[in-house]
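# Descriptive structure summary
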Amino acid sequence: MDRRSFLATSTAAVATAGLTQAARPTQGVQRAPSQPFRLRYAPHFGMFRHHAKSLEDQLQFAADQGFTAWEDNGMAHKDE
């Protein structure tokens, strides 16, 4: 196989793989787990800042993911 054929074949393979990945709309979408989160640790504010902006939304997101506890080490220093 010469270089030109190799490049054409590999380019076509990469393009096909890219189109196949783009055709899967559910890939990367997070769903709530069917069972509650069972490990013995809790998230804290800021861990889910990319999924929810406000503090209430972060709490709701954690609950939706199955967390049943929350950690807030700075709570003593908050005014409300």
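Everything below is about the structure printed above this text.
The present account deals with the structure reproduced in this document. Keep in mind that this is a model prediction, so the values were computed, not measured.

Secondary structure summary: the protein chain contains 2 helices and 0 strands in total. The burial tally for the protein chain puts 12% of its 80 residues in the buried class. Counting only contacts in the protein chain whose residues sit at least 6 apart along the sequence, the fraction spanning at least 24 positions is 53%. On the protein chain, roughly 7200 Å² of surface is accessible, and the fraction owed to carbon and sulfur atoms is 55%.

Ranked by size, the top nonpolar core spans 5 residues in total: Phe48, Ala52, Phe61, Ala62 and Phe67. Discounting residues that sit within four places of it in the chain, Ala52 has contacts with Asp57, Gln58 and Phe61.

Time to look at the packing of aromatic side chains. Tallied over the full model, the rule gives 3 aromatic pairs. Ring centres 5.9 Å apart and planes at 50 degrees place the aromatic pair Phe48 and Phe67 in the tilted group. Remark: Phe67 occurs in the segment after α2 (55-65) and Phe48 occurs in the loop between α1 (3-22) and α2; sequence separation between them is 19 residues. Its relative accessible area of 11% is what places Phe48 among the buried residues. Three or more aromatic residues joined by ring pairs make a cluster, and in this case those are Phe48, Phe61 and Phe67.

Examined against the element boundaries, Gln58 turns out to sit in helix α2. Classification of Gln58 as buried rests on a relative accessible area of 4%. Setting aside its immediate chain neighbours within four residues, Gln58 contacts His44, Phe45, Gly46, Met47, Phe48, Arg49, Ala52, Lys53 and Trp70.

With that settled, the discussion passes to a nonpolar patch on the surface. The grouping of Met1, Phe6 and Leu7 at the surface amounts to a nonpolar patch, some 380 Å² of accessible area in total. Within the secondary structure layout, Met1 lies in the segment before α1.

This part covers α2. Regarding α2, the residues found buried are Gln58, Phe61, Ala62 and Gln65. Down the axis of α2, the buried set is contained in an arc of 100 degrees. They therefore lie on one face.

Criteria and thresholds
Residues numbered from 1 in each chain as written. Predicted model: local features only at pLDDT ≥ 70, side-chain atom pairs only at ≥ 80, totals over all residues. Heavy atoms only, no water. Helix = DSSP H or I, 4+ residues; strand = E, 2+ residues; numbered from the N terminus. Buried < 20%, exposed > 50% of the residue type's maximum accessible area, 1.4 Å probe, protein only. Contact = heavy atoms within 4.5 Å. Areas by Shrake-Rupley, 256 points an atom, 1.4 Å probe, with all protein chains shown as cover. Core = buried A, V, L, I, M, F, W, Y, C linked by side-chain atoms within 4.5 Å. Phe/Tyr/Trp six-rings, centres within 6.5 Å; stacked < 30°, edge-to-face > 60°. Patch = residues over 30% accessible without salt bridge, like charges linked within 9 Å, V, L, I, M, F, W, Y side chains within 5 Å. Salt bridge = Lys/Arg side-chain N within 4 Å of Asp/Glu carboxyl O. Arc of directions from axis to C-beta.

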